[in-house]
Amino acid sequence: MGPTLDSTPAADGYRMPAEWAHHSGCWLVWPERPDNWRLGGKPAQRVFAEVATAVAQTEKVTVLVSAAQYDNARSRLPAGVRVVEMSSDDSWMRDTGPTFVTDGTGDVRGVDWDFNAWGGLVDGLYFPWANDDAVARKVLEIEELPRYKAHFVLEGGSIDVDGEGTVLVTEECLLSEGRNPGLTKDEIGQRLRDYLGAEKVIWLPFGVYLDETNGHVDNFCRFAAPGKVMLTWTDDVNDPQYKRSQAALEVLLAETDARGRRLEVVRIHQPGPILITEEESNGVDTIEGTLPRQTGDRLAGSYVNSYIGNDVVILPVFDDPHDQDAVAAYTELFAPRRVVTVPGREILLGGGNVHCITQQQPSGR
């Protein structure tokens, strides 16, 4: 088991690499929570297996799964995918898993953030969340990697980095009342610099409209390359998303990254709007204290919520008129990586998408 360190990554010369840096592996958690995933998670499980299979073409994949679902997951996943029994409360590995940091020489360590289900008792999405909060530590013990324990509430989906000193976040999320109310914006920025090895934080005002994570940046705006970001967009001035995307665009065009570069912004039009159908709503268990999935509710659909693998990019699509443009944009942005599309609706019904269910482990090289 790796040691728990008293210092910070920045103090030790470590930083979070960009997602396009080489991975030694990728982690997911098997979906089964019946008050979040319809029909006991069976439709979502098919898509999770599809994502795991696609990523496993070019990097090692580990899927964490409960004891009750172990045999089912093992039979649905390819033999080359590692299946590990672990307790969890839901299946958002991006937010519950560790954030891996490297020192540029091939050494890898992990940051274990506090997790409180996206807002704790203020506006969190479920209670309890103790199993999820323990996932990062358990992963680092399995991998025998040193652990930085950050006594600070943060989810991996609320940050995005270029690996060259810049981190993207939203004020809507990081300054939300349910996360770190005792810290100022400047103090939160300093924690990001300390634990991500970043030099500059770019604060966008909002994320995607009705995103139940309080506007995670990974569903809205992400780095595609140094100096280049992709931004969820809509041309409909009457859509509530329009002002949110416009506000972000103004910030991005006025900012420079940590290296002093102006940012190129690639707008990727959102799908939908995507609404929950009656059949989908009826398939979710109703339990007091969790977020209901009601007919007609708008989902926070986005093409930005993808996974950048070693030689592939996994892109959610929605049988939507904008799918084709999104695939074309990704093909250009991430060449020579191959763009692999997966049906995104079932993951979206649970509250996120491909990026939210994955967590890359960099190789450090």
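Structural notes, computed from the coordinates.

The rules behind the values
Residues numbered from 1 in each chain as written. Predicted model: local features only at pLDDT ≥ 70, side-chain atom pairs only at ≥ 80, totals over all residues. Heavy atoms only, no water. Pairing = 2+ DSSP bridges. Helix = DSSP H or I, 4+ residues; strand = E, 2+ residues; numbered from the N terminus. Contact = heavy atoms within 4.5 Å. Axes fitted to C-alpha atoms, helices over the stretch in contact; angles between N-to-C directions. Buried < 20%, exposed > 50% of the residue type's maximum accessible area, 1.4 Å probe, protein only. Right-handed = clockwise from strand over helix to strand, strands pointing away. Disulfide = S-S within 2.5 Å. Phe/Tyr/Trp six-rings, centres within 6.5 Å; stacked < 30°, edge-to-face > 60°.

Overview of the sheet that holds strand 10 (residues 200-204)
Strand order across the open sheet formed by 3 strands is 8-9-10, with mixed pairing between neighbours. Because the sheet does not close on itself, it has two edges, and the strands there are strand 8 (160-161) and strand 10. When strand 9 (residues 166-170) meets strand 10, the two strands line up parallel, connected through 5 bridges. Bridge pairing in strand 10 links Leu168 to Ile202. In the packing of helix 10 (residues 240-254) onto the sheet, contacts are made with strand 9 and strand 10, and the angle to strand 10 comes to roughly 150 degrees.

Concerning the pairing of strand 2 (residues 23-29)
Of all 7 residues that make up strand 2, 6 are buried, and the element is covered over most of its length. By the bridge criterion, 4 bridges tie strand 2 to strand 19 (residues 359-362) in an arrangement that is antiparallel. Of the residues in strand 19, the one forming a bridge with Gly25 is Gln361. Pairing analysis gives 5 bridges linking strand 2 to strand 3 (residues 60-65), with the strands arranged parallel. Residue Leu28 lies in a different strand from strand 3, and its bridge partner there is Val63. Once you follow strand 2 into helix 2 (residues 42-55) and on to strand 3, the crossover reads as right-handed.

Points about the state of the cysteines
Going through the model one piece at a time under the given rule, you end up with 0 disulfides. Cys26 carries a free sulfur, and the closest cysteine sulfur to it, the one in Cys356, is 13 Å from it. For Cys26, a relative accessible area of 1% corresponds to the buried category.

Concerning the pairing of strand 7 (residues 147-153)
For strand 7, the buried fraction is high: 6 of the 7 residues fall into the buried class. Taken together, the 2 bridges between strand 1 (residues 4-5) and strand 7 define a ladder with parallel strand orientation. In the sheet register, Thr4 faces strand 7, and the bridge partner there is Arg147.

So, the packing of aromatic side chains
A complete count under the given rule lists 10 aromatic pairs for this structure. Summarising the aromatic geometry, the rings of Phe127 and Trp129 are spaced 5.3 Å apart at their centres and angled 85 degrees between planes, so their arrangement reads as edge-to-face. Ring pairs connect the aromatic residues Trp37, Phe48 and Trp92, which therefore count as one cluster.

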